[in-house]
Amino acid sequence: MILYPAIDLKDGNCVRLYKGEMEQATVFNDDPAAQALSFQNDGCEWLHLVDLNGAFAGEPVNAAPVEAILAACNVPAQLGGGIRDIATIENWLAKGLQRVILGTVAVENPDLVREAAAKFPSHVAVGIDARNGMVATRGWAEETDVEVTELAKQFEDAGVAAIIYTDINRDGAMQGPNVEATAALAHAVSIPVIASGGVSSMADLRALKNCGAPLNGAISGRALYDGAINVAEATALLKG
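Source: prediction; values computed, not measured.

A. Representation of the overall build of the protein within the structure. Helix and strand counts for the protein come out as 11 helices and 12 strands. Projected onto its principal axes, the C-alpha positions of the protein cover 40 × 40 × 35 Å. Per-residue burial over the protein gives 57% buried out of 240 residues. Long-range contacts, defined as pairs at least 24 residues apart, comprise 68% of the intrachain contacts of the protein with a sequence gap of at least 6. The averaged location of the 30 negative side-chain charges in the protein is 4 Å from the averaged location of its 16 positive side-chain charges.

See the structure below:
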């Protein structure tokens, strides 16, 4: 399993939200590139970037800090938030991003996800963000009547690199991830699943590692900033 340190970008700063609420943002660093470099120096193997403003705007907003991170770091990075057309995907991959995360379009235009995954093999992930088992889109602001597994199964043969599953009610709340739902999703599809939302301790990482499902990795944000999880220790645990 891989630890993905999260860098959530709002107004150019590195922040963490509480349960996806933009009004409840805590700024942890006003220099996202320095933060990314710090994670890299601590031994992380990947970075997970989110353009929060972009998720609402439907287009990249925090491009400058993302580009600064890509310039500063040499570990691969994945980015989600406001990526909703092939041109934007192409642009980011050309700038050195390793993987784009498609969330809203996975619900609203699944054909675009299939097209992108075919055109850019191993560079496209699907982000499934859920509240009470139902998918939410557009920066988690809009509820849908689409069930998590139902959406995931649509991309079973599309060639997407991973599914990033976030339980919104756990995100930033430091209450632990939804291990049961994450494991159930990983058992339901053959696509690698990355756990996200609420990963706040080494015990949480242990629970995900031992959940009985072959998870690709786990994303953690606030716990890394608060010092509850140490990047080097967590990486060693997940690789062990």
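B. Just the pairing of strand E10 (residues 162-167), in detail. E10 sits mainly inside the fold: 6 of its 6 residues count as buried. For strand E7 (residues 124-131) and E10, the ladder comprises 6 bridges, and the chain directions are parallel. Opposite Ile128, over in E10, you have Tyr165 as the bridge partner. After leaving E10, the chain enters helix H8 (residues 179-188) and then returns to the sheet as strand E11 (residues 193-196), a path that is right-handed.

C. Representation of the packing of helix H9 (residues 202-209) against helix H11 (residues 231-239). In the contact formed by H9 and H11, the axes pass within 10 Å of each other and the chain directions differ by 20 degrees. The orientation of H9 with respect to H11, classified from their angle, is roughly parallel. For the pair H9 and H11, the crossing hand works out as right-handed. Across from Met202, Leu205, Arg206 and Lys209 in H9, the residues of H11 making contact are Glu233, Ala234, Leu237 and Leu238.

D. Summary view of the nonpolar core. Membership of the largest hydrophobic core comes to 68 residues, with the highest contact counts inside it found for Ile7, Leu47, Ile89, Leu102 and Leu205. Those residues within four positions of Leu205 in sequence are excluded, and the remaining contacts are Leu3, Val199, Ala218, Ile229, Ala234, Leu237 and Leu238.

E. Spatial organisation of the UniProt feature "active site" (unreviewed entry) in the protein. The UniProt feature table records "active site" (unreviewed entry) at Asp8 and Asp129. On the accessibility criterion, Asp8 (6% relative accessible area) is buried. Excluding its chain neighbours within four sequence positions, the residues that come into contact with Asp8 are Asn13, Cys14, Val15, Arg16, Val50 and Leu52. If you trace the backbone, Asp129 turns up in strand E7. In this view, Asp129 contacts Met134, Val135, Ala136, Trp140, Thr166 and Ile168; residues no more than four positions away in its chain are not counted.

F. Region of the structure containing the side chain of Lys10. Examined against the element boundaries, Lys10 turns out to sit in strand E1 (residues 2-10). By relative accessible area, Lys10 is classed as buried at 19%. When neighbours within four sequence positions are excluded, Lys10 is seen to be in contact with Val15, Met22, Ala25, Leu52, Asn53 and Asn62.

G. Region of interest: H11. Here H11 has its buried residues at Val231, Ala234, Thr235, Leu237 and Leu238. Angular distribution of buried residues about the axis of H11 spans 160 degrees; they occupy a single face of the element. Contacts made by the buried residues of H11 are with E1, helix H1 (32-41), H9 and helix H10 (222-226). For H11, the side-chain oxygen to backbone nitrogen distance between the N-cap and Ala232 is 3.0 Å, and the N-cap itself is Asn230.

H. Summary view of the pattern of salt bridges. Taken as a whole and assessed by the stated rule, the structure comprises 9 salt bridges. Residues Lys239 and Glu45 are paired through a salt bridge, measuring 2.8 Å at the closest nitrogen-oxygen approach. In this pair, Lys239 is assigned in helix H11 and Glu45 in the loop between H1 and strand E4 (47-51), connecting sequence segments 194 residues apart. Residue Glu45 is classed as partly exposed on the basis of its relative accessible area of 30%. Shared partners join several salt bridges into a network, and the residues in it are Asp8, Arg16 and Asp171.

Calculation criteria
- Residues numbered from 1 in each chain as written.
- Predicted model: local features only at pLDDT ≥ 70, side-chain atom pairs only at ≥ 80, totals over all residues.
- Heavy atoms only, no water.
- Helix = DSSP H or I, 4+ residues; strand = E, 2+ residues; numbered from the N terminus.
- Buried < 20%, exposed > 50% of the residue type's maximum accessible area, 1.4 Å probe, protein only.
- Contact = heavy atoms within 4.5 Å.
- Lys, Arg positive; Asp, Glu negative; His and termini not counted.
- Charge placed at Lys NZ, Arg CZ, Asp CG, Glu CD.
- Pairing = 2+ DSSP bridges.
- Right-handed = clockwise from strand over helix to strand, strands pointing away.
- Axes fitted to C-alpha atoms, helices over the stretch in contact; angles between N-to-C directions.
- Parallel < 35°, antiparallel > 145°, perpendicular 65-115°, else oblique.
- Left-handed = near helix turned anticlockwise from the far one by under 90°.
- Core = buried A, V, L, I, M, F, W, Y, C linked by side-chain atoms within 4.5 Å.
- UniProt positions renumbered as here; feature names shortened; annotations may be inferred.
- Arc of directions from axis to C-beta.
- Polar contact = N/O pair within 3.5 Å; in protein donor to acceptor, adjacent residues only side chain to side chain.
- Salt bridge = Lys/Arg side-chain N within 4 Å of Asp/Glu carboxyl O.

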